[in-house]
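As a plain string of letters, each chain reads:
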Amino acid sequence: MVTHDSEGAHAHAAPTGFIRKYIFSLDHKVIGIQYWLLALFSVFVGMFLSVMMRIHLVWPNAHIPFVENNQLTPEQYLALLTMHGSIMVFMVLTTAPQSGFGNYILPIQIGAADMAFPVLNMLSFWTTFLSLVVMISAFFVTGGAPISGWTAYPPLSALDAIAGPGQGAGQTLWVIGVAIFCGASLMGALNFITTIIDLRAKGMSLMRMPLTCWAWFVTAILGLLAFGVLLAACLLLLLDRTAGTSFFIPGGLVVSDKIIDHKGGSPLLWQHLFWFFGHPEVYIAILPGMGVASHILSTFSRKPVFGYRAMVHAICAIGFLGFCVWGHHMFVSGMSPYSAFAFSLLTMSIGVPSAIKTFNWLGTIWNGKIQFTCSMLFALGFVSLFVSGGVTGLFLAQPSIDLFFHDTYFVVGHFHLIMGVAAIFGIFAATYFWFPKMFGRHLNEGAGKLHFWLTFVGVYAIFLPTHWLGMVGHPRRYADLSGATFLYPLIPVQKFISIAAFITIGSQFIFLFNFLWSVKKGMKATDNPWHATTLEWSIPSPPPHDNFGGHIPVVYHGPYEFSVPGYADDYVPQHLAPEHVAKNKS
Amino acid sequence: MPRERSGASSTSSSTTTAALLALLLVALVVVSVFFFAKKTWWFPPAITAFGHEVDAQFMRTLVIVGVVFVLSQLALAYAVFRFRDRGQRATHNEGNQTMEVLWTLATIVLFVGLGVMARNAWAEVHFRPAAPDAIQIEVTGQQFAWNFRYSGADGKFGRLNPKLVNASGGNPLGLDPADPDSKDDLVVPVMAVPVNREVELLVRSQDVTHSFFVRELRLKQDAVPGMIIRVHFTATEPGSYEIPCAELCGLGHYRMHSTLTVMSDADYQKWLKEQAAANAP
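Just so it is clear, the structure is predicted and the values come from calculations on it, not from any experiment.

## Overview of the overall build of chain B
Right, on to step 1. In terms of regular secondary structure, chain B is built from five helices and 10 strands.
Right, on to step 2. Dimensions of chain B, computed from C-alpha atoms along their principal axes, come out at roughly 90 × 35 × 35 Å.
Right, on to step 3. A buried classification covers 38% of the 281 residues belonging to chain B.
Right, on to step 4. The long-range share in chain B, meaning contacts at least 24 apart out of those at least 6 apart in sequence, stands at 70%.

If you want it as structure tokens, here you go:
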């Protein structure tokens, strides 16, 4: 571990101009907020797309003012679906928990003045921004956005507009956008890994790192290994689309009675490459949430994390196993049934570290003194959602059962609960928790609680019935419910889901207004309003430009020393020298 | 909200919040268990031995998953209410090695054991090849229709030539008339099979990836361009069953649909003759 005895090589003076301070900033805190704002913008775009989808699905004749003929077509529904998935997965679930909070909080929590490579950090944000622009621009080209889903299975995604509207320029822009995003994520991952390995303050041993840092660390490693593969896959797909290669397109295809001039490619190759990225991506989205939940449950139960070592091992086990299970997305793909069975057992075993985490979260709050801040409520909600979304994975992990559930709404319910909503609850928990540190003011707790209740009830009202649609065998990605007669009795359930979605999405505006209001008018925050232990609470809110004012702290304690017997306070900050910790008077 | 950690007002608001969250978690458990137990939304009855085996494995999994789900949510609800802030001091406890080992072993046995138990059903449909006398039907997906090819009396499928594909001209698969084997091949947009006879499907696609799905067979198989994938089943209940496409294949995905009719062997032979007559040039 490198220690810094001076202000060191990574310190840089605070910039004064607006552009260097807020736009092309090298400060990890500004970049963290930029990522967070990019995710906030994207999540509202993504929710807007889902509102359009839910309207079209249950009221196909609804009057939509800003589209041609005032009605959405099936292909527009699929374009909405593709872009909803892509924007939510890449621009929200990958950016906010890791690049947003990771960037802002990680260097401070390990006692560093900035990330290891500030310029690379700035580049990775602006590359992400470029990728968002390219991706969204797909809506505005001839044919519109692609209709092949966020998984972009070839040959549908590899052929031109002959395969469908949106499969021309729109699909090309999508592939380029995702490839750019891969580059940005690789830069970010390198920066995170180097920062954690090299820039920990004196005394901050690996086993004294907060679980948030462990989660960001393992997530960065996953990102480094996964996004490289997706980048390669995207480049091959781009070559198939533009240069006449045939990596993913087999010979003898006939589309609309026209012969396709390709031969020798394999559609399954894309699926292997995509899911080799895609499954770790699920953990890239959820691991930071797990770290945040552990951190917050401990802080607001006033108890150490139960089984800290087991939690670290579980994070690492999930990270490793996350690379061994991609084949469970391909049980019906025509892949060898023997590898399917192997993938099934590996997938079942990833339930083990997940269960360990759940038990330890319960152990953490057990016998605690639970303080129901908004941040704590979202962390508790995270645990509930993680359990609900996790257990259904045990059905899908078994190939024989998956033969029925694959590509039905059961899968939609499963991954929205665990990867979507649980991860979002992690983001909200983090936001309510660190907002006072980031902006020097508190979010309004009353509005926050209302936001929590509506969101918690709302997401279950949306995604429990989604599973029941899957029980009946409702295929996903259907633009219209007239396609099969067994769908007709399910229309009332679909309507219920749509209405629940509108209410849940509507209640997110409570959060938006709370955020906008509190940035300017919120209650002023002290340095350590939550009586928390980690290093970010040892410095002013908001922190100065170089975090610690040139005095890098020394760490003396583990991250979660709450309610330690013999001490006067119920928390011991990590940076407090043992002789300065107040003892009981007895 | 920064506040001092004792005081009556924070305690009473903490009780209300704790009670509400605990109640919601209990309500979640009650609603989920109710609808799964009542089977309000459920699979249609299975029509194969394999399907019944899948249903049995589903129920085994449901019981285990249900117990894990109910106990975890109720434990969370209990802890949230029982350990709410009432001005007490939390018990300092950094973990318990024995418990970690115990629940790790328990979940390994439970989850991996469940996975091993699922092997039989999977082996039946995918490890064991179809019997040599199974009826072969070629299933072809194309935007946005299914076509089913029966080999006719010679038991041989004729050659296909992509250059001859002409969906509107009555040759959706590009059957090559120059090949004598193709003479008695029957290509139809709906599927019929005799009851209690093993059927082997040769699943393929002509353009993009589709997925053959019959809920009552508990069977789904992607139709992947460039591959011919074999699956088999023996339907035991006569009736008519829907075949929706289950893999996103383009703008008409939702309307890519056909039907499977399971009929007596006599009716099946009659059906084949009628279809052949209707298809004769």
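## Section: the overall build of chain A
Right, on to step 1. A count of helices and strands for chain A gives 16 helices and two strands.
Right, on to step 2. Taken against the 2.2 N^0.38 rule, which gives 25 Å for 586 residues, the C-alpha radius of gyration of chain A at 24 Å falls within 12% of a compact globule.
Right, on to step 3. Its C-alpha atoms put chain A at 85 × 50 × 50 Å along the principal axes.
Right, on to step 4. Considering only residue pairs separated by 6 or more positions, chain A has 80% of its internal contacts joining residues 24 or more positions apart.

## Overview of the domain arrangement of chain B
Residue and element names in this part refer to chain B.
Right, on to step 1. For chain B, the assigned domains read domain 1 (8–85 + 102–125) and domain 2 (132–279).
Right, on to step 2. Computed from C-alpha atoms alone, the centre-to-centre distance between domain 1 and domain 2 is 40 Å.
Right, on to step 3. For the side of domain 1 that touches domain 2, the leading source of residues is helix α2 (residues 49–82), giving four residues.
Right, on to step 4. Split by residue class, the side of domain 1 that touches domain 2 holds nine nonpolar, two polar and no charged.

## What to know about the sheet that holds strand β4 (residues 191–194) of chain B
Residues and elements named next belong to chain B.
Right, on to step 1. With mixed pairing, the three strands of this open sheet are ordered in space as β4-β10-β9. The open sheet has two free edges, formed respectively by β4 and β9 (239–244), since each of these has just one partner strand. The average undirected angle you get between the axes of adjacent strands in this sheet is 25°.
Right, on to step 2. The pairing of β4 with strand β10 (residues 257–263) spans four bridges and is classified as parallel. Across the sheet, the residue bridging to V193 is V262, located in β10.
Right, on to step 3. Packed on one face of the sheet, helix α5 (residues 265–279) meets β4 and β10 and runs near 140° to β4.

## Topic: the nonpolar core
Residues and elements named next belong to chain A.
Right, on to step 1. Among the nonpolar cores identified, the biggest contains 269 residues, and A293, F378, F382, A422 and A429 are the most heavily contacted of them.
Right, on to step 2. No other element matches the 20 residues that helix α14 (residues 409–439) contributes to this core.
Right, on to step 3. Those residues in contact with A429 that sit more than four places away from it in its chain are V292, A293, I296, S375, F378, A379 and F382.

## Topic: the domain arrangement of chain A
Residues and elements named next belong to chain A.
Right, on to step 1. As far as domains go, chain A holds domain 1 (23–251), domain 2 (267–520) and domain 3 (525–586).
Right, on to step 2. Of note, the centres of domain 1 and domain 3, computed from C-alpha atoms alone, are 36 Å apart.
Right, on to step 3. Facing the 15 residues of domain 1 at the interface are 15 residues of domain 3.
Right, on to step 4. Looking at which element gives the most residues to the side of domain 1 that touches domain 3, the answer is helix α4 (residues 95–109), with four residues.
Right, on to step 5. Of the residues belonging to the side of domain 1 that touches domain 3, the class tally is eight nonpolar, three polar and four charged.

## Regarding the interface of chain B and chain A
Much of the literature gives interface size as the accessible area that the parts lose upon coming together.
Right, on to step 1. Taken together, the contact pairs 89 residues of chain B with 100 residues of chain A.
Right, on to step 2. Sorting the residues of the side of chain B that touches chain A by element identifies α1 (8–38), α2, α3 (97–117), α4 (119–127), β6 (210–214), β7 (219–223) and β9 of chain B as the ones contributing at least two each.
Right, on to step 3. The leading source of residues in the side of chain B that touches chain A is α2 of chain B, at 13 residues.
Right, on to step 4. A per-class count over the side of chain B that touches chain A returns 47 nonpolar, 27 polar and 15 charged.

## Observations regarding helix α8 (residues 267–301) of chain A
All names here are of chain A.
Right, on to step 1. The end-to-end C-alpha distance of α8 is 50 Å, a good match for the 51 Å that 35 residues give at a rise of 1.5 Å each.
Right, on to step 2. Where α8 bends most, the angle comes to about 30°, and this point is I286, followed within four residues by the proline P288.
Right, on to step 3. Counted residue by residue, α8 has 30 buried out of 35 residues, so it is predominantly covered.
Right, on to step 4. R302 sits one or two residues past α8 and shows a positive phi near 55°.

## Points about the packing of helix α10 (residues 337–365) of chain A against α3 of chain B
Right, on to step 1. One can describe the packing of α10 of chain A onto α3 of chain B by two numbers: an axis separation of 8 Å at closest approach and a directional angle of 150°. Taken as axis vectors, α10 of chain A and α3 of chain B run roughly antiparallel relative to one another. Crossing of α10 of chain A against α3 of chain B: the hand is right-handed. Between α10 of chain A and α3 of chain B, the residues in contact are S344, L345, M348, S349, G351, V352, A355, I356 and F359 of chain A and E100, W103, T104, T107, I108, F111, V112, L114 and G115 of chain B, respectively.
Right, on to step 2. Among the residues forming the contact of α10 of chain A with α3 of chain B, the class breakdown is 11 nonpolar, six polar and one charged.

## Let's talk about the sheet that holds strand β5 (residues 198–205) of chain B
Residues and elements named next belong to chain B.
Right, on to step 1. Taken in spatial order, the five strands line up as β3-β2-β1-β5-β8 in an open sheet, and their pairing is mixed. The open sheet is flanked by β3 (186–188) and β8 (229–234), the only strands paired with a single partner. Between one strand axis and the next, the sheet turns by 25° as a mean value, whatever way the strands run.
Right, on to step 2. The pairing of β5 with β8 spans six bridges and is antiparallel. Across the sheet, residue L202 finds its bridge partner in β8, namely R230.

## Description of unusual backbone geometry
Residue and element names in this part refer to chain A.
Right, on to step 1. For the bond running from S541 to P542, omega is -10°, close enough to zero to count as cis.
Right, on to step 2. Following the sequence through the fold, P542 ends up in the segment after α16 (491–521).
Right, on to step 3. Of note, the phi angle at A152 is positive, near 45°, even though the residue is not glycine.
Right, on to step 4. The topology assignment puts A152 in the loop between α5 (118–137) and α6 (169–198).
Right, on to step 5. With a phi angle near 60°, R477 is a residue other than glycine that sits in the positive phi range.
Right, on to step 6. Position of R477 among the secondary structure elements: in the loop between α15 (445–472) and α16.

## A short note on the environment of V141 of chain A
Residue and element names in this part refer to chain A.
Right, on to step 1. Here V141 lies in the loop between α5 and α6.
Right, on to step 2. With 15 C-beta atoms counted inside 10 Å, the residue V141 sits in the partly exposed group.
Right, on to step 3. For the pair V141 and L576, spaced 435 residues apart in the sequence, the C-alpha separation amounts to 58 Å.
Right, on to step 4. The contact partners of V141, leaving out residues within four places of it in the chain, are A169, G170 and L173.

## Observations regarding the environment of V421 of chain A
Residues and elements named next belong to chain A.
Right, on to step 1. You can see V421 is positioned in helix α14.
Right, on to step 2. A C-alpha to C-alpha distance of 9.4 Å links V421 and F456, two positions 35 residues apart in sequence.
Right, on to step 3. Ignoring sequence-local partners within four residues, the contact set of V421 consists of L385, H416, V459 and F463.

## Quick look at the pairing of strand β2 (residues 145–150) of chain B
Residues and elements named next belong to chain B.
Right, on to step 1. Bridge count between strand β1 (residues 135–142) and β2: six bridges; the pairing is antiparallel. From the neighbouring strand, G141 faces β2, where its bridge partner is W146.
Right, on to step 2. Where β1 folds back onto β2 in an antiparallel hairpin, the turn is made up of two residues.

## A word on the environment of M290 of chain A
All names here are of chain A.
Right, on to step 1. Looking at where M290 falls in the secondary structure, it is placed in helix α8.
Right, on to step 2. Residue M290 is classed as buried on the basis of its C-beta count, with 31 C-beta atoms lying within 10 Å.
Right, on to step 3. Between the C-alpha atom of M290 and that of V519, which follows or precedes it by 229 residues, the distance is 27 Å.
Right, on to step 4. Excluding its chain neighbours within four sequence positions, the residues that come into contact with M290 are A215, I315 and K357.

## As for the confidence of the model for chain B
Residues and elements named next belong to chain B.
Right, on to step 1. Taken residue by residue, chain B gives an average pLDDT of 92. The fraction at 70 or more is 95%.
Right, on to step 2. Under a pLDDT of 50 for its full length, residues 1–9 has, in the predicted model, seven contacts with residues more than four places off or in other chains.
Right, on to step 3. Scoring of the predicted complex yields 0.95 for pTM and 0.95 for ipTM.

Cut-offs used in this document
Residues numbered from 1 in each chain as written. Chains lettered and ligands numbered in written order. Predicted model: local features only at pLDDT ≥ 70, side-chain atom pairs only at ≥ 80, totals over all residues. Helix = DSSP H or I, 4+ residues; strand = E, 2+ residues; numbered from the N terminus. Buried ≥ 20, exposed ≤ 12 C-beta atoms within 10 Å, placed from the backbone. Contact = placed C-beta atoms within 7 Å. Rg over C-alpha atoms; globule rule 2.2 N^0.38 Å. Domains from an automatic or database assignment. Nonpolar A, V, L, I, M, F, W, Y, C, P; charged D, E, K, R; others polar. Pairing = 2+ DSSP bridges. Axes fitted to C-alpha atoms, helices over the stretch in contact; angles between N-to-C directions. Core = buried A, V, L, I, M, F, W, Y, C linked by C-beta atoms within 7 Å. Expected span 1.5 Å × (residues − 1). Bend = angle between axes of the 7 residues up to and from the residue. Parallel < 35°, antiparallel > 145°, perpendicular 65-115°, else oblique. Left-handed = near helix turned anticlockwise from the far one by under 90°. pLDDT = per-residue confidence, 0-100.

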